[in-house]
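Single-letter residue listing:
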Amino acid sequence: MLGLMQNQPLLISSLIDFAERHHGDGEIVSRRVEGDLHRYTWRDVARRARQVANGLDGWGLAFSDRVATLAWNGYRHLELYFGVSGSGRVLHTINPRLHPEQIAWIANHAEDQVLCFESSFLPLVQAVHAKCSTVKRWVMLCAADKLPADTGIPGLLSYDAWVDAQSADYTWPQFDENSASSMCYTSGTTGNPKGALYSHRSTVLHAYAAALPDVMGLSARDSVLPVVPMFHVNAWGIPYSAALTGCKLVFPGPALDGKSVYELLEAEKVTYAAGVPTVWQMLLQHMKPAGLKFSTLKRTVIGGSACPPAMIDAFREDYGVEVLHAWGMTEMSPLGTLCTLKNKHLALPKEEQMKILLKQGRAIYGVDMKIVGADGTDLPFDGKAAGDLLVRGPWIVAEYFKGEGGDPLVRDAQGRAWFPTGDVATIDADGFMQITDRSKDVIKSGGEWISSIDIENIAVAHPAVAMAACIGVFHPKWDERPIVVVVKKPGAEVGRDELLKFYEGKTAKWQIPDDVVFVDAIPLGATGKMLKTRLREQLKDYRLPGL
Ligand code: AMP
């Protein structure tokens, strides 16, 4: 017997319809490439998204055709999020920080038909457009009078001129909720990038889950600033959850330096922000010397790479901002876990609470996770056993676009399919997961594992250290020993011996790095994560002292 409830497909268009009808006057504020602030409302986003849909129909784009973006966080990008997916096409957000060759490779692999780009990426598009063989339309996200002449890009259009010429009269099509809605390629540090292809159903379910109180906890009373880019895993789904909750959205555009972000947070009375640790580092470095405080910011989600305890502490103790440590990945839309205390933790002393808040957190309903040993057997949830982290759920990839890389899933004895995350983690009895490493970054010293994240966290707790990366280097007796590569804060001083002494009492003696290497910068990937593969290449001639 089937239930007798209305069967409506979960479609992204329903999110923007809802925002328009129930939060129509909710504000969307965007810093533009030109530097000025643009303001309008959810009602305007909905109207312009329908114009985008009419424009795509006018070009004869078929269902599931890909429309690519090379764009910052801003209102035009938001219109494309809803107009492209809502009309049944697939929004392909491309990370502009990737190498131009990789961008062209991705655009060709996805068979993008249209590419919409921010004016700041004009030189990049001029460099790659001839290689993007499937793209038929090039659109610059600018007003008609800002479109430069003689760009060399065939038929280049102004986005505003194109959108303004379309009717806003449009009825969103209804189709199978499992249809593809958007895609994002993994950063692909080895081999070619692989496409994660999200569906309407996965996106709407993820948006619901993200909005829960113990997850992102967004509400109509929030003013939300996503620093996390809309070009990487849909800005952690915030644009969708924002439409679902009707919160105010504040977009930083290209201005991601500490000063610009701080000024926007204050001017737009932001209560909630989301970003990766490297961006928040810039913000704190701007605020601390100037003695600045937040007047409205209450909560921030930090994820994408491990959030150092020193950062959680600074936000909580110095600025009264609650830090929500989050973990996820491109293949997971991206949210997997978020760290919030349970009731029984509220009475614990601060240091005990900090130990929990450092973890990547508890699984969100919709994500099942477990850890397994090298032979694939399940490991206990005891907070001690570390193993490969596997996940399953309705917003986690089943396979990559065009079957790239073969079947990524592993099956358990019950025949259930799990996605191996490539992360190594512990899970405690309360279900709090803690990443100890990427499986390829873990340091194996004399058969024992050393967590590079633990070693990095201790280093960045030193007042003179801005950034730290721990890597394993060859050792004839122990196979590998950890060293820590450090960038000092401007004007700050710390020597090798002082830093190694700083580790004493903070970790087991045998886990203390064998050496410190000071560098001017640690290479960062396109999403702000430390590129340890490149760092290892840079240090390939390094030898441990005395060897
Ligand atoms: P990406 O798919 O590029 O977003 O990268 C996903 C990977 O980033 C994960 O598999 C983790 O290795 C890492 N990551 C994301 N969030 C965290 C976090 N909070 N702590 C540690 N690593 C993280």
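Everything below is about the structure printed above this text.
Here's a quick rundown of the structure. (Residues numbered from 1 in each chain as written. Predicted model: local features only at pLDDT ≥ 70, side-chain atom pairs only at ≥ 80, totals over all residues. Heavy atoms only, no water.)

Ordered by their spatial adjacency, three strands build an open sheet running 24-25-26, and the pairing between neighbours is mixed. The sheet is open, and its two borders are formed by strand 24 (465-475) and strand 26 (515-518), each paired with just one other strand. Across the sheet, the mean angle separating the axes of adjacent strands is 30° when strand polarity is ignored. Note: strand 25 (residues 479-488) against strand 26, four bridges, orientation parallel. Across the sheet, residue Val486 finds its bridge partner in strand 26, namely Phe518. The sheet strands contacting helix 14 (residues 452-460) are strand 24 and strand 25, and the helix crosses strand 24 at an angle near 140°. (Pairing = 2+ DSSP bridges. Helix = DSSP H or I, 4+ residues; strand = E, 2+ residues; numbered from the N terminus. Axes fitted to C-alpha atoms, helices over the stretch in contact; angles between N-to-C directions. Contact = heavy atoms within 4.5 Å.)

Glancing now at the packing of aromatic side chains. Overall, the coordinates contain 14 aromatic pairs when judged by the stated rule. Look at Tyr81 and Tyr240: their rings are 5.5 Å apart centre to centre, the planes differ by 40°, and that puts the pair in the tilted class. Here Tyr81, found in helix 3 (residues 75-86), pairs with Tyr240, found in helix 9 (residues 238-245); they are 159 residues apart in sequence, far enough to count as distant. In this structure, Tyr81 and Tyr240 share a single accessibility class: buried. (Phe/Tyr/Trp six-rings, centres within 6.5 Å; stacked < 30°, edge-to-face > 60°. Buried < 20%, exposed > 50% of the residue type's maximum accessible area, 1.4 Å probe, protein only.)

What follows is about the layout of surface pockets. In this structure, the second largest pocket spans a volume of roughly 890 Å³. What lines the second largest pocket is a set of 29 residues, and nearest its centre among them are Leu358, Gln434, Asp454, Asn457 and Lys506. Of all the secondary-structure elements, those providing two or more residues to the lining of the second largest pocket are helix 12 (309-319), helix 13 (350-357), strand 21 (432-438), strand 23 (448-450) and helix 14. Its residues assigned to classes, the lining of the second largest pocket shows 12 nonpolar, eight polar and nine charged. (1 Å grid on protein atoms, 1.4 Å probe; cavity = no way out; pocket = protein on both sides within 12 Å on 5 of 7 lines; lining within 4 Å. Points joined across faces, edges and corners; volume = space filled by probe spheres on them. Nonpolar A, V, L, I, M, F, W, Y, C, P; charged D, E, K, R; others polar.)

A few words now on the nonpolar core. Most often, soluble globular proteins keep nonpolar side chains buried together rather than apart. One finds Trp42, Phe82, Met216, Trp280 and Phe294 to be the most contacted residues of the largest nonpolar core, which totals 114 residues. Take this core: its biggest share by element is seven residues, from helix 2 (residues 42-58). Judged by nonpolar contacts, the second largest core, of 31 residues, contains Leu122, Leu124, Val135 and Phe231. (Core = buried A, V, L, I, M, F, W, Y, C linked by side-chain atoms within 4.5 Å.)

Neighbouring the ligand are 15 residues; Ala326, Thr330, Gln360, Asp423 and Arg438 lie closest to it. The separation between an oxygen atom of the ligand and a polar side-chain atom of His232 is 3.1 Å. Asp423 places a side-chain nitrogen or oxygen 2.6 Å from an oxygen atom of the ligand. It is strand 14 (residues 322-328) that contributes the most residues to the shell around the ligand, four residues altogether. For the shell around the ligand, a count of residues per class yields four nonpolar, eight polar and three charged. (Near = heavy atom within 4 Å. Polar contact = N/O pair within 3.5 Å; in protein donor to acceptor, adjacent residues only side chain to side chain.)

Within the open sheet, the seven strands sit side by side as 7-6-5-3-4-8-9. Their pairing is mixed. Across the chains shown, the open sheet's two edge strands, defined by having one partner strand only, are strand 7 (157-158) and strand 9 (195-199). Note that strand 4 (residues 90-93) and strand 8 (residues 180-185) share two bridges and pair parallel. For His92, the partnering residue across the bridge sits in strand 8 and is Met183. Along the sheet, helix 7 (residues 200-211) makes contact with strand 8 and strand 9, crossing strand 9 at roughly 75°.

Overall, the coordinates contain 34 salt bridges when judged by the stated rule. Of the charged contacts in the structure, one is a salt bridge between Lys259 and Glu263, with a shortest N-O distance of 3.0 Å. Taken together, the positions of Lys259 and Glu263, both in helix 10 (residues 258-267) and four residues apart, correspond to about one turn of that helix. A relative accessible area of 44% places Lys259 in the partly exposed class. On the basis of relative accessibility, which here comes to 40%, the residue Glu263 falls in the partly exposed class. Counted as one network, the salt bridges with shared partners bring together Arg48, Arg76, Glu79, Asp160 and Asp164. (Salt bridge = Lys/Arg side-chain N within 4 Å of Asp/Glu carboxyl O.)

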